[in-house]
Amino acid sequence: MPTFTTACPRNCYSTCGLRVEVEDGRVRRVEPNPDNRATGQGVCLKGLSYVERASSPHRITRPLERRGGEFVAVSWEHALDRMAAEFEGIRRESGPQAVLYYAGSGSKGLLNGVGMAFWRQFGGCTTTYGDLCWPAGLEATRLTLGDNKHNAPWDLENARLVVLWGRNSAETNVHQMDHLAKALAKGAKLVVVDPRRTESAERADLLLQPVPGTDGALALAVARELIVHGRIDEAFVRDHVLGFEAFRNLAMAWTLERAEAACGVPAELLRRFAELLGASRPFTLCPGFGMQRYTNSGQTLRALLALPVLCGQIGVAGGGWCYANLQTQVFAPVKDPLDFYPPARPDGVVRVGLSTARLGADMLALQDPPLRAAWVERGNPIPQNPATPQVLEAFRKLEFRVVVEEFLTDTAREADLVLPAKNLFEQTDVIGAYWHPYLQLRPKIVEPPPEVLPETEIYWRLAERLGFDRAAMERELVPPGGEEEWLRRRLAPWPELTLERLAEGPVLAPGAEEVAFADRRFPTPSGRIELWSDEAKSRWGRDELPRFEPPLESPGAEFPLRLLTPNSKNRIHSQFGFLDLLKPLEPAPLLALSPVDAAARGLRSGDRARVSNGRGGLVLGVRVDGGVLPGVCFVPNGFWLSEGAVNLLSEARETDMGHGAAFHDNCVQVERAP
Amino acid sequence: MKAFVLDPPRCTGCEACRVACCIENRVPMERSWRTVHHANAEHRPDQPAFHLSLACNHCERPACLEGCPASAYRKDPATGAVVLDDSRCLGCRYCAWMCPYDAPRFDEARGVMAKCTFCRERLEAGKAPACTAACPTGALSVEDRRPGLEEPTFPGLFRERLGPALRIAAGALPLVPRMAVMDAAVEAPPTEARKVSLRSEWTLWLFTLAGMAMAGLQLGWVLGGPQVLPTWAFLAAGGAAGLLSASHLGRPERAWRAIANLRSSWLSREVLAFGVFVPSAALALALGSRGPLGWFSAFAGTALLVCMDRLYQVAERRPAWKSRSSDLLPAGLQLAALVAGAALPLALLAGVRAALFLAAEGFRWRGRTLRSTARVAALLVPAMAAASPWPVPPGALLLCFLAGEALDRAGFYAGFETPSPARQLLRAGFSARSADPA
């Protein structure tokens, strides 16, 4: 059976190296590629399930056109003619910016860039700024360290203390658990900070359960303990840190008792945490993404990051701040998060005019010209962006919607035309990662179904229909079968990066550092680690210091519970969950409640409850979980509208910095369902 | 020869092993050969939450193989794998009762059992089993098998000398860190740890009762008592009981294979004893022969009861001397004494069995005093009536006795438990779940 080396392109830390066996033109088996040192141990259950997903009977394999209430399979000729006519007409009447180009993060690859190249040649479009996932943390890190990079994943094995702060690696980055287990086997300690007792907390020496959104206060109090007890690295602070004095003054106000009142974590546990941080060298702090989906979370992450900074843990093996590792972003002229931001000087071609976090409301509000059509690829914004009802309303108001998809998602169901998308085995591409430093080739290893065209070919054919300039097409778009040539041109600046070399296995990104910032060079305005950031004020209007402010939405009498909507191991956002292999593991979203809050409502596991707020409501099965902090409830995100989509309850709101989405700034009431 | 190694503290319960197994073997998740048992999924604050990923452990002394009446299992000498030849399988599910790891799974559609093959083809090709190859945390792996019958010790594992190819790498589970709420009473979701219930096994309930009654009547007749059933009725009852018991098989047409493992399977021996008893007893009745043929048939009937009792005792790991009031052999002997009018044995058996019942169930059986009273009365009344000077119609005594037996036997099935990971977890004080609640 032929075996191929490839990689998983989903929006996931792990970006696993895979070995894939193909039988009779179909994927038969997915196994780990040990050459990827970060993920070589195994494949997660989603990666394994590509065997089903790649040839699922539910896959869209022909263009579908909405006629009346249902979809009818149509020919590519018809689909292309219709798209050319619609887009041509809209461009003529309202200008190209009446078309929304919405690209999600459902699949990684350099060829994704062809989409924007097409729309530029179209004359322009409207697109989004910001990002749903992680920009507050990226911006907090950028403001502080100057760049988003961290030590190689396997370096965690050198840590003497690992702090998983708002990060549930067991479910969202399971490969980190292997490196963590190796560190623990060598005697390292583990501290978990999370309102939930997650799977990752099971081996923790210390579990702190703060009230969601108060982590910044917790960090400041712990910083104060470290400073007061002389456990910081004074030489490091003196040589590399800007704003220590001011930060110290800020932190000194956060006594353990004050933090206990704000965070709900007993002072004794905070002290124990500070002692562990003070005594353990090196230590690695791994913050999660969920914690930075609040209206105060950029500041929160700046406060957290101060801890390894004060202890001199930046640039050392086994130490550091393991948030995002963008060392594989060598191809982008502007790295994340800067490329998420609207340009300082708009070019008049692409209108970067919609906040992803407020997609629905911004789409409805946009004028000059208002939006008339949308092209969606690699994303499922209706259930996955905040404020699902607004997003749905905005999409329904458009005249013409094209969605490129593998499956009939909630967004695809709203389309006028659904174009079948290739899968990861059907077109060659090169992908980076955001946890490990490898670039990996994702070669074409099976033929797509006969009517499935890669997006690049859809664009090419549409460009021909629309009569784009041939030379520009040849230069920036990809003719059918021209992927490798296009990729070679992109790889050309790096002689060590060739398709041949990538075909052998994962390749470390050019200049990748095993220990990030080992040279102690910090590309901030001051060249130092900035605990004081002028840009925090000038760009975001926030305090120059990571001052703690509670999140915008706080529990009250009407909506007394904080709702968290984390990711679960059984899906990547709205992908995978419906497969026969995975559906039985989590057939429906359950509302997890603490025993205290459940008892107060007379709810028991297996009951049904209505979770609601002023924005919407959902009726879900209840799971009483002794590991959940009272006052908190959670429902995994990623379920479809028919199953229970949590963004019916979320507010379209940005994070304090980075134009992220404050999904978890969300208070609800839970009642027994009638 | 290989063995699984499981390191529970490393296991995050992700179920990649189970998914990989289903893909490799083209088995749907609902019937997966590997099960991940989640302990304390509701997060009781004073207990660790952990996971046990278990499939077939390819024991040195496989309980499934020992119990299988059809000799459908064998031990592959090259890999050590316990291999099921499903073309021989009757679908009687006795192997599922026998296996303390719940490895054999019933395939409803095909009417046969299916189980982990140890990925024999992969092992022979020098590859690890699919489940271990997939494990992303290094919690499940394979190693060269250590010789001997070493038994792993861990909550969820039943300890007996089967010699499973399974080593538990961790000595102990981690301690639970202090949590926000330590005193909350967290209700554990109900665990279905039993593989047998009266509802699922009512045909066996009837079959064993019929076997007991026929063997008892025959022995009583040989001992000089009256012939209670006419010969035709006896034959009809035997035929009906046989058909009834065959009807619970996944593949009734293969019932004839059930005597293929007389060497080690009490189920095979039971089937053989039944097959000898019914015709020989009918013949003896027809000929009115209380002589050698009669004694032969009575002996076969008694052997049948021994086999029936043993097959349940072996499955629930109950030593033969730990008699229960619902056991069939003493019941059959008591019936024989009743029929033969042997007052002393009758009284002795009734007394002993009543005592056994009360010792096990007390005066409130399954919450009801009435049930307990009825059960004991059904044992004692016929014995006392037989000794009393007042005439009581013998038919009424017989019915009273049988009603009591039916009641007790029903209770036996309702409470019958065989070792399983879920039961062992419960016994260790943990809730157990093997599938997420819908």
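Residues numbered from 1 in each chain as written. Chains lettered and ligands numbered in written order. Predicted model: local features only at pLDDT ≥ 70, side-chain atom pairs only at ≥ 80, totals over all residues. Heavy atoms only, no water.

1. Some words on the packing of aromatic side chains
Residues and elements named next belong to chain A.
Consideration 1: Applying the stated criterion to the full structure yields 41 aromatic pairs over all chains.
Consideration 2: Geometrically, the ring pair formed by W321 and Y323 is stacked, given 6.4 Å between the ring centres and 25° between the ring planes. The same class applies to W321 as to Y323, namely buried.
Consideration 3: Aromatic ring contacts, followed pair by pair, group F87, Y101, F118, W119, F122, W375, F400, Y459 and F468 into a single cluster.
Consideration 4: One Lys or Arg, R53, reaches over the ring of F576 and ends 4.7 Å from the middle of that ring. (Phe/Tyr/Trp six-rings, centres within 6.5 Å; stacked < 30°, edge-to-face > 60°. Buried < 20%, exposed > 50% of the residue type's maximum accessible area, 1.4 Å probe, protein only. Lys NZ or Arg CZ within 6 Å of the ring centre and 35° of its normal.)

2. A closer look at the packing of helix α9 (residues 292-316) of chain B against helix α10 (residues 328-340) of chain B
Residue and element names in this part refer to chain B.
Consideration 1: Relative to each other, α9 and α10 sit at 150°, their axes nearing to 8 Å. Taken as axis vectors, α9 and α10 run roughly antiparallel relative to one another. Where α9 abuts α10, its residues T302, L305, V306, M308 and D309 lie against L328, L329, P330 and G332.
Consideration 2: Classifying every residue of the contact of α9 with α10 gives six nonpolar, two polar and one charged. (Axes fitted to C-alpha atoms, helices over the stretch in contact; angles between N-to-C directions. Helix = DSSP H or I, 4+ residues; strand = E, 2+ residues; numbered from the N terminus. Parallel < 35°, antiparallel > 145°, perpendicular 65-115°, else oblique. Contact = heavy atoms within 4.5 Å. Nonpolar A, V, L, I, M, F, W, Y, C, P; charged D, E, K, R; others polar.)

3. Re the sheet that holds strand β3 (residues 26-32) of chain A
Residue and element names in this part refer to chain A.
Consideration 1: Read across the open sheet, the three strands follow the order β1-β2-β3; overall the sheet is antiparallel. The open sheet has two free edges, formed respectively by β1 (3-7) and β3, since each of these has just one partner strand. Put simply, the sheet's adjacent strands are angled 35° from each other on average, direction ignored.
Consideration 2: Two strands pair when backbone bridges link them, and β1 and strand β2 (residues 17-23) are joined in this way by five bridges, in the antiparallel orientation. When the sheet's bridge partners are listed, T5 is paired in β2 with R19. (Pairing = 2+ DSSP bridges.)

4. Thoughts on the pairing of strand β19 (residues 438-442) of chain A
All names here are of chain A.
Consideration 1: Extensive coverage of β19 is indicated by the burial of five of its five residues.
Consideration 2: Because side chains alternate across β19, one face comprises the buried residues Y438, Q440 and R442, and the other comprises L439 and L441, equally buried.
Consideration 3: Here strand β18 (residues 429-431) pairs with β19 via three bridges, running antiparallel. Directly across from I431, in β19, lies its bridge partner Q440.

5. Examining the nonpolar core
Consideration 1: Ranked by size, the top nonpolar core spans 97 residues in total, and within it W134, W165, L218, F273 and I314 of chain A carry the most contacts.
Consideration 2: The dominant element in this core, judged by the number of residues it contributes, is helix α8 (residues 215-228) of chain A, at nine residues.
Consideration 3: Beyond its immediate chain neighbours, meaning those up to four positions away, W165 of chain A contacts V193, D215, L218, A219, F273, L285, C286, P287, G288, M291, L304 and L307 of chain A.
Consideration 4: In this structure, C11, C68, A246 and A258 of chain B belong to the second largest nonpolar core, which totals 70 residues. (Core = buried A, V, L, I, M, F, W, Y, C linked by side-chain atoms within 4.5 Å.)

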